[in-house]
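Read off the chains here:
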Amino acid sequence: MPSRIEIKTAALNPEATGTLVIYASEGAEPIGAAAAVWQSTGLDFKTLAAAAGFKGKQGSAFEVLAPHGVTADRLLVLGSGKAGEGTSLSAWADRGGSLAGKLMGVRAGNAAVILDEEAATPDRVAELAAGLKLRHYRFDAYKAKKEDNGDAALSVTLHVADRPAVDAAIADRDAATSGTILARDLVHQPPNVLGTLEFAAEAEKLTGLGVDVEQLDEAAMRKLGMNALLGVAQGSARPPRLVIMRWNGGKAGEAPLAFIGKGVVFDSGGISIKPGLGMEDMKGDMGGAAAVTGLLHALAARKARVNAIGVIGLVENMPSGTAMRPGDILTAMSGTTIEIVNTDAEGRLVLADALWYTQDRFKPRFMVNLATLTGAIGVALGNDHAGLFSNNEELAAQLLAAGLATGEKLWRMPLGAAYDKLIESRFADIKNSGGRPAGSITAAQFLKRFVNDVPWAHLDIAAVALASPTSETNQSWASGFGVALLDRLVRDNFEGK
Ligand code: BES
Ligand code: MN
Ligand code: ZN
């Protein structure tokens with residue numbers, strides 16, 4: 001859904017109509033161009049701030065209507081927190097989100113924002129612009145009556161000192177923002193509309209950005225021996241697909257970075273059917289695949305200088321006369337045999353074949369998979385961090401750093417032989433569930449069996465990709481978690497290297 005917000009830049013010029021926004025930090029008066037704006041009102045800043053109870057805290061605000069000496073019909077003063085604080089990129093995105101919230105709150109149609117403070121570097125202003133867009137996003141495609149801010153377009157002009165540099169930074173950052181919004185849209189789509197083939201068709205659209213997209217159908221996957229993925233798909237009327245997206249922006253022949261996503265378009269649990277309460281959320285069980293698709297969009301849109309692969313396993317997990325049963329034993333592409341003890345532990349089956357296939361065919365530098373894999377990760381970490389599992393210290397450290405920079409935070413979880421023991425099976429090499437204890441860890445141990453010692457990280461995003469609490473940069477049900485994070489990972493560590 002194109003969010004109806006437009007962001008432009010202009011040279012510092014406070015001759016603005018609509019809403020004029022200036023910042024003031026804690027305990028201080030506005031500075032620079034913002035100070036000049038305030039002065040033209042002839043009002044005493046301290047007096048008004050005190051009357052409004054405004055202390056400059058991040059997120060606080062007060063407004064002056066129809067101020068004398070200013071062309072705008074509303075002057076909005078926003079707190080920017082302690083001077084020098086909020087210099088992290090994610091703090092600037094939050095600032096943009098907070099600004100959008102305030103502008104929507106006062107139903108501003110257009111706004112001019114004075115951003116000439118020294119801390120407002122092009123990269124940070126680009127984060128603020130990203131925060132504005134991400135906060136403004138709503139998924140209302142199926143509402144006859146749109147929410148107010150869905151109908152009314154918002155136009156924001158950022159008044160900055162170095163316009164060309166800011167324009168370039170915004171355009172570059174916007175690629176990932178569009179990727180996040182694409183991921184959110186995919187996760188929000190109802191499961192009757194977005195099945196496996198419809199998702200694959202969305203991925204095909206990336207060809208317009210120069211991404212090579214290839215699809216494996218059921219017959220192709222059967223030939224490769226992907227019986228774990230196919231076992232999940234066999235209960236559904238919808239055919240499975242493995243979609244491979246390739247962005248070749250790096251040196252020819254250089255090993256690619258690989259991103260793999262769980263794409264269960266609806267997870268009923270299968271024969272081990274889920275309880276009814278909240279089952280509608282399982283339309284979002286393709287959040288990992290959505291993030292991978294959004295990431296490939298981002299890398300291609302900004303022409304990242306890197307070779308990257310996105311592989312998504314698209315299936316639907318349904319109960320039927322053809323569905324797999326508890327007790328079934330499947331042979332994965334790797335040759336590993338898997339005893340199914342719970343058909344609701346299906347994501348790991350999809351990823352088992354997708355991971356093995358990816359390392360086998362592409363010999364990547366690393367594999368990062370994203371999956372709404374376990375409810376247990378939310379029990380362990382709540383909604384504030386995704387779970388990170390990795391067999392590689394360097395990759396884990398790079399991911400943790402990208403998480404802090406973007407606010408898509410990760411928390412490292414353990415792996416180990418004692419956990420691996422919990423998925424031993426009486427009848428096959430492994431079973432697909434270790435039961436309740438350490439549920440997210442045993443799921444990760446299962447995946448680890450299929451990575452063949454390639455540097456690998458698994459992000460369990462079940463508690464952060466959907467139905468998570470709203471934040472400064474997201475007020476909708478799906479967050480698009482992972483796109484900004486992995487775009488940052490690539491940008492900071494792998495481009496032109
Ligand atoms: N898709 C679910 C996990 C999930 C739960 C995602 C809540 C998003 C929100 C996954 O396929 C699942 O059913 N996992 C089971 C594993 C169990 C059967 C071992 C779970 O978490 O209960
Ligand atoms: Mn499940
Ligand atoms: Zn699932």
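Everything that follows concerns the structure shown earlier in this document.
In short, a report on the structure. (Residues numbered from 1 in each chain as written. Chains lettered and ligands numbered in written order. Predicted model: local features only at pLDDT ≥ 70, side-chain atom pairs only at ≥ 80, totals over all residues. Heavy atoms only, no water.)

1. Considering the overall build of the protein chain
Short version of the rule: Numbering of helices and strands runs from the N terminus, with a helix taken as a DSSP run of H or I at least four residues long and a strand as a DSSP run of E at least two residues long. The globule rule used for comparison is 2.2 Å times the number of residues to the exponent 0.38, while the radius of gyration itself is calculated over C-alpha atoms. Each residue is assigned to one of three classes by its accessible area relative to the maximum for its type, calculated with a 1.4 Å probe on protein chains only: buried under 20%, partly exposed between the two thresholds, exposed over 50%. Under the convention used here, a 1.4 Å probe and the Shrake-Rupley method define accessible areas, while residue burial counts only the protein chains that appear.
Along the protein chain, the regular secondary structure elements total 16 helices and 17 strands. Radius of gyration (C-alpha) of the protein chain: 24 Å, near the 23 Å computed for a compact globule of 497 residues. The principal-axis extents of the C-alpha atoms in the protein chain amount to approximately 80 × 50 × 40 Å. By the burial criterion, 57% of the 497 residues in the protein chain qualify as buried. Total accessible area on the protein chain stands at roughly 19,300 Å², and carbon and sulfur atoms take up 52% of it.

2. Description of the nonpolar core
A general trend in soluble globular proteins is that nonpolar side chains are found buried together. Which entries qualify depends on this criterion: Among buried residues, the Ala, Val, Leu, Ile, Met, Phe, Trp, Tyr and Cys ones that are joined through side-chain atoms within 4.5 Å form a nonpolar core. Note on contacts: a residue pair is in contact if any heavy atoms of the two residues lie within 4.5 Å.
If you look at the biggest cluster of nonpolar residues, it comprises 56 residues, and the most contacted ones within it are Met-245, Phe-259 and Leu-486. Looking at which element gives the most residues to this core, the answer is helix H10 (residues 287–301), with nine residues. Discounting residues that sit within four places of it in the chain, Met-245 has contacts with Ala-203, Leu-206, Val-211, Asp-212, Val-213, Val-292, Thr-293, Leu-296, Ala-308, Ile-309, Gly-310 and Ile-312. Ranked by size, the runner-up nonpolar core spans 43 residues in total, among them Leu-230, Val-232, Ala-233 and Ala-332.

3. Re the coordination of the zinc ion (ligand 3)
Put simply, the rule is: For Na, K and Ca the donor cutoff is 3.2 Å, while for all other metals N, O and S atoms count as donors only within 2.8 Å; water does not appear among the atoms, so some sites may look incomplete. Site shape is set this way: if four donors have all angles between 85 and 135 degrees, tetrahedral; if opposite donors are over 155 degrees apart and all others between 65 and 115, square planar for four donors and octahedral for six; otherwise irregular.
Protein-derived coordination of the zinc ion (ligand 3) comes from Lys-262 (NZ), Asp-267 (OD), Asp-285 (OD) and Glu-346 (OE), at a distance range of 2.0 to 2.4 Å. Seen from the zinc ion (ligand 3), its six donor atoms lie at angles of 79 to 175°, and the figure they make is octahedral. Every donor residue of the zinc ion (ligand 3) comes from the same chain, spaced as K-x4-D-x17-D-x60-E. In this structure the manganese ion (ligand 2) is found 3.1 Å away from the zinc ion (ligand 3), and Asp-267 serves as a bridging donor for the pair.

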